[in-house]
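Fold and geometry: a report
Single-letter residue listing:
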Amino acid sequence: QVQLVESGGGLVQAGGSLRLSCAASGRAFSSGALGWFRQAPGKEREFVAAINWSGVSTFYADSVKGRFTISRANYKNTVYLQMNSLKPEDTAVYYCAAGSYGDSVSRYDYWGQGTQVTVSS
């Protein structure tokens, strides 16, 4: 069992930056992949970024590539999402998830409660 708690969301102007954190508790954190997803009102949950268990491999949705960076600190049981050059279309509830490396919602077994990110134009 893994429990995930996101933090760091908020309101920011377009072009600004935010860093999201996700603190994990429970077993198997360091051996599994971690991902960030987001869901805007009226839309399906979509993949943002993923990182493998060691932190060596990462990949991103095309919409955030070059602007967002995912990283993890296994000794702190924490995963981060650094978001730069934010756009109004990045507005969503952001979720971290633990599971198998990939970009599909179905590959992740554990989910946080989400943190709201709002980007004003």
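Residues numbered from 1 in each chain as written. Predicted model: local features only at pLDDT ≥ 70, side-chain atom pairs only at ≥ 80, totals over all residues. Heavy atoms only, no water.

For the rest of this paragraph, the subject is the environment of isoleucine 70. When you line up the elements, isoleucine 70 lands in strand β7 (residues 68-73). Overall, the relative accessible area of 4% leaves isoleucine 70 in the buried class. Taking the C-alpha atoms as reference, isoleucine 70 lies 9.3 Å from leucine 34; in sequence the two are 36 residues apart. Setting aside residues up to four positions removed in sequence, isoleucine 70 forms contacts with Leu34, Trp36, Ala49, Ala50, Ile51, Thr58, Tyr60, Val79, Tyr80 and Leu81. (Helix = DSSP H or I, 4+ residues; strand = E, 2+ residues; numbered from the N terminus. Buried < 20%, exposed > 50% of the residue type's maximum accessible area, 1.4 Å probe, protein only. Contact = heavy atoms within 4.5 Å.)

This paragraph deals with the packing of aromatic side chains. Each aromatic ring pair is specified by the distance between its two centres and by the angle formed by the two planes. In total, this model carries 6 aromatic pairs according to the counting rule given. Here tyrosine 108 and tryptophan 111 contribute two aromatic rings whose centre-to-centre distance is 6.3 Å and whose plane-to-plane angle is 65°, an arrangement assigned as edge-to-face. When its relative accessible area of 4% is taken as the criterion, tyrosine 108 is described as buried. A connected cluster of aromatic rings, assembled from ring pairs, spans Phe37, Phe47, Phe59, Tyr101, Tyr108 and Trp111. The side chain of arginine 45 reaches across the aromatic face of tyrosine 95, ending 3.7 Å from its centre. The ring centre of tryptophan 111 lies 4.9 Å from the NZ or CZ of arginine 45, which sits over that ring. (Phe/Tyr/Trp six-rings, centres within 6.5 Å; stacked < 30°, edge-to-face > 60°. Lys NZ or Arg CZ within 6 Å of the ring centre and 35° of its normal.)

This part covers the environment of alanine 97. Among the structural elements, alanine 97 can be located in strand β9 (residues 92-99). For the pair alanine 97 and alanine 24, spaced 73 residues apart in sequence, the C-alpha separation works out to 9.7 Å. Those residues in contact with alanine 97 that sit more than four places away from it in its chain are Leu4, Ala33, Leu34, Gly35, Phe37, Tyr108, Tyr110 and Trp111.

Both strand β1 (residues 2-7) and strand β3 (residues 18-26) contribute to a ladder of 6 bridges, which runs antiparallel. Looking across to β3, one finds that glutamine 3 is bridged to serine 25. Direction of pairing for β3 relative to strand β8 (residues 78-83): antiparallel, over a ladder of 6 bridges. When the bridges of β8 are listed, arginine 19 appears paired with glutamine 82. (Pairing = 2+ DSSP bridges.)

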